[in-house]
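# Coordinates in review
Residues per chain are reported as follows:
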Amino acid sequence: METFETYIPDDFYSMLVMAVGAVITIWLVMFVVRKLIGIALVATLIIGGVTIWQNPTVLGTAQDTAVRYYDQLRYGSAANEYQRRS
């Protein structure tokens with residue numbers, strides 16, 4: 001069975017290059033990839049908003065859903081019970 005010890009370099013400069021590479025990789029993941037995911041989410045929200053805005057049927061459904069969630073958040077479950085009775 002092989003171990004990783006045969007692949008780890010012994011000299012200082014190789015270890016230093018590996019450490020710098022690990023720091024750069026961690027930096028890329030923490031900052032660059034996170035920003036790219038954020039940009040993708042914002043673009044998705046914008047495209048979804050434009051799509052909903054252009055389709056009147058979906059716009060009405062989205063408005064009703066938003067009002068229902070707002071009423072439930074503000075008034076609690078009593079708002080849903082009142083809507084079901086009428």
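Our structure is the block above this text.
My aim in this report is to walk through the structure given alongside it, one point at a time.

Calculation criteria
Residues numbered from 1 in each chain as written. Predicted model: local features only at pLDDT ≥ 70, side-chain atom pairs only at ≥ 80, totals over all residues. Heavy atoms only, no water. Helix = DSSP H or I, 4+ residues; strand = E, 2+ residues; numbered from the N terminus. Buried < 20%, exposed > 50% of the residue type's maximum accessible area, 1.4 Å probe, protein only. Areas by Shrake-Rupley, 256 points an atom, 1.4 Å probe, with all protein chains shown as cover. Expected span 1.5 Å × (residues − 1). Bend = angle between axes of the 7 residues up to and from the residue. Phe/Tyr/Trp six-rings, centres within 6.5 Å; stacked < 30°, edge-to-face > 60°.

### So, the overall build of the protein
Looking only at helices and strands, the protein features three helices and zero strands. Along the protein, helices (α) and strands (β) appear in the sequence α-α-α when read from the amino end. Looking at the protein as a whole, 3% of its 86 residues are labelled buried. Accessible surface, the protein as shown: approximately 8000 Å² in total, 70% of it carbon and sulfur.

### Thoughts on the environment of Met18
Position of Met18 among the secondary structure elements: in helix H1 (residues 12-54). Overall, the relative accessible area of 45% leaves Met18 in the partly exposed class. Separated by 10 residues in sequence, Met18 and Ile8 have C-alpha atoms that sit 9.7 Å apart.

### Let's talk about helix H2 (residues 56-75)
Compared with the 28 Å implied by 1.5 Å per residue over 20 residues, the 28 Å span of H2 between its first and last C-alpha is a close match. Looking one or two places after H2, you find Gly76, whose phi comes out positive at around 85°.

### Section: H1
In an α-helix, one turn spans 3.6 residues, which is why side chains three or four residues apart end up on the same side. Between its first and last C-alpha atoms H1 spans 62 Å; for 43 residues at 1.5 Å apiece the expected length is 63 Å, and the two agree. Leu28 marks the point of greatest bend in H1, at about 35°.

### Brief notes about the packing of aromatic side chains
Pairs of aromatic rings are described using the distance from one ring centre to the other and the angle between the two planes. As enumerated under the stated definition, the model contains two aromatic pairs in all. When the ring of Phe12 is compared with that of Tyr13, the centres are 5.7 Å apart and the planes differ by 70°; the resulting orientation is edge-to-face. Judged on exposure class, the residue Phe12 and its partner Tyr13 are both exposed. With centroids separated by 6.2 Å and ring planes inclined at 40°, the aromatic side chains of Trp27 and Phe31 adopt a geometry described as tilted. Highlighted residues: Trp27 and Phe31, both in helix H1, separated by four residues, approximately one helical turn.

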